[in-house]
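# Close look at the chain arrangement
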Amino acid sequence: MEIDSLEDYFSFPFPDTTMDPNFNPNAKKRRRNQPQQTTPWTDLNDAALNDLLNSLILLEKHQQPTTTLMNPHPFQPQLNDVDSSPTKKPRRRPQQNDSLMQLQTTSSSTTTAPQRRLWVKDRSKDWWERCNHPDFPDHEFRRCFRMSKATFDFICSELDSAVIKKNTMLRDAIPVRQRVAVCIWRLATGDPLREVSKRFGLGISTCHKLVLEVCYAIKTVLMRKFLRWPDEGNMKLVMEEFEALSGIPNVGGSMYTTHIPIIAPKSNVNAYFNKRHTERNQKTSYSITVQGVVDPKGVFSDVCIGWPGSLSDDQVLEKSALYQRASGGSLKDVWVVGNSGHPLMDGILVPYTHQNLTWTQHAFNEKVADIQKIAKDAFARLKGRWSCLQKRTEVKLEDLPGVLGACCVLHNICEMRNEGMDPEWGFELFDDEMVAENAVRSSASVLARDRIAHYLLHHGRAGTTFL
């Protein structure tokens, strides 16, 4: 049965309840336990019920407007299609998200998706690009990095395989030259990391990381090439140069110990307290020590870095590998000349420190002072070229030995390549010398020192400035 019009809907033959003699509209509802009585209209068949539902659906369609809006979200159901049960309420996206999704849908149909942007904050690299340009003046480059372009290029070529990085999907790797430049600039100027960040156009944490990485590469790759104890052939040349300078035979190096100021550590602070610097400067000072042995040209051949500043020079020497070699007899027929703070022992030659010295002993001390001056001048150039060693640094205490070792290696490279020192880079050392508690530790060394002093006097090599 089909219904084609509204009139057909109203003319549908509903059952007449008034014809039922048992029909009572005022009767109360029956109880559950009472059996229900059947009425004639409940006997309608299923076909009639289906026809009734079809008529209702067709009537609803006739009442809807002829024009409908297009769903802006074809993949989302209309509100009329959502389950309207009271237990589930339809969720609707915020209007902002709807408009954003519609904008993305329309834009994706007309244009292609943009390429992924590199995750790097844009910073100005103008200063570094000028310094890295081939036409940048060499004297200006040397003023900035304390070395010539040729020496800088040499260091970059030596460290290329150790510090190079590959590009990733998110960002381009920092070039090797810029990595090395960040480290050398930081060591040479001692400027804070925020200033390094502005000059090179990199983040502060990135600059700090680059300094430590390059210093570690210098220490592991270049130290074994440019900072090592001379072999037998080179040792003979070193001893000849020292003898020509002072007249003392068999001198293989000049030793000196300096202090590097640091920020007070969080633990074991008393061990790093420098009493001598605190009393002289009237300001609390903390430091770590650097012991070094140099050749006649001021090139380091042995270093011992990182012991607390409260230790004296002889205590630092006892903890070094040089002391182990001297005690084990490895420095046979070779003298390392120290100052009054070091003990006289096998392989370690120091000046006379007792009162009422003879002319011979005065002459010997003058020659020892000439050799000592070479080491002191080398440390003065080390601190003058690398200004980060002159003031307290931001580097952590556990990372500081690597930075100091890198400075010593870079110092050797500059000295070997005859990189001069500008006058404004000069630095005066202030390391107090104290006589060692146990100044004499070998009777054989006492006799050997006396023979050397008499040799200088009788062969006309002794000085006369004390007269």
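Residues numbered from 1 in each chain as written. Predicted model: local features only at pLDDT ≥ 70, side-chain atom pairs only at ≥ 80, totals over all residues. Heavy atoms only, no water.

The name an unreviewed UniProt entry gives the protein chain is Protein ALP1-like, with Abrus precatorius as the organism. Within the UniProt record for the protein chain, the comment given under Sequence similarities (unreviewed entry) is "Belongs to the HARBI1 family." In the Subcellular location (unreviewed entry) part of its UniProt record, the protein chain is described as follows: "Nucleus". (UniProt positions renumbered as here; feature names shortened; annotations may be inferred.)

## Quick notes on the overall build of the protein chain
Along the backbone of the protein chain there are 16 helices and five strands. Here the protein chain, with 467 residues, has 40% of them falling under the buried criterion. The contacts of the protein chain with a sequence gap of at least 6 include a subset with a gap of at least 24, amounting to 71%. Put simply, the protein chain shows about 29,200 Å² of open surface, and 52% of that area lies on carbon and sulfur atoms. (Helix = DSSP H or I, 4+ residues; strand = E, 2+ residues; numbered from the N terminus. Buried < 20%, exposed > 50% of the residue type's maximum accessible area, 1.4 Å probe, protein only. Contact = heavy atoms within 4.5 Å. Areas by Shrake-Rupley, 256 points an atom, 1.4 Å probe, with all protein chains shown as cover.)

## Quick look at the side chain of S287
Here S287 is to be found in strand β2 (residues 287–294). Its relative accessible area of 1% is what places S287 among the buried residues. In this structure the side chain of S287 is engaged in a polar contact, spanning 3.0 Å, whose partner is the side chain of H259. What S287 contacts, discounting residues up to four positions off in sequence, is H259, I260, P261, I262, Y272, N274, P308 and G309. (Polar contact = N/O pair within 3.5 Å; in protein donor to acceptor, adjacent residues only side chain to side chain.)

## Focus: the sheet that holds strand β5 (residues 348–349)
Pairing within the open sheet is mixed, and its five strands lie in the order β3-β2-β1-β4-β5. Edge positions in the open sheet fall to β3 (300–308) and β5, since each of these has one partner strand only. Examined bridge by bridge, strand β1 (residues 251–261) and β2 share eight bridges and lie antiparallel to one another. Paired with M255 across the bridge in β2 is V293. Running at roughly 85 degrees to β1, helix α10 (residues 232–246) makes contact with β1 and β2 of the sheet. Helix α15 (residues 400–416) contacts β1, β2 and β3 of the sheet and is inclined by roughly 160 degrees relative to β3. (Pairing = 2+ DSSP bridges. Axes fitted to C-alpha atoms, helices over the stretch in contact; angles between N-to-C directions.)

## Remarks on unusual backbone geometry
Phi is positive for N268, close to 55 degrees, though the residue is something other than glycine. By the element assignment, N268 lies in the loop between β1 and α11 (275–281). By relative accessible area, which is 55% here, N268 ends up exposed. Positive phi is not limited to glycine here, since D333 has a value of about 65 degrees. Structurally, the position occupied by D333 is in the loop between α13 (321–327) and β4 (335–337). Note on D333: relative accessible area 56%, which makes it exposed.

## Regarding helix α8 (residues 193–200)
All buried positions along α8 are accounted for by L193, V196, S197 and F200. When α8 is viewed along its axis, its buried side chains cluster within an angular range of 105 degrees and face the same direction. In this structure, α8 carries R194 and K198 as exposed residues pointing more than 90 degrees from its buried face. On its buried face, α8 is in contact with α4 (126–131), α5 (138–145), α7 (176–189) and α9 (204–226). In the segment just after α8, G201 is the residue with positive phi, at about 65 degrees. (Arc of directions from axis to C-beta.)

## Remarks on the nonpolar core
Ranked by internal contacts, the top residues of the largest apolar core, which has 98 residues, are F145, L159, F200 and W386. At eleven residues, α9 tops the list of elements feeding residues into this core. Not counting chain neighbours up to four residues away, the residues in contact with W386 comprise F145, M147, I184, L187, A188, C407, L410, H411 and C414. (Core = buried A, V, L, I, M, F, W, Y, C linked by side-chain atoms within 4.5 Å.)

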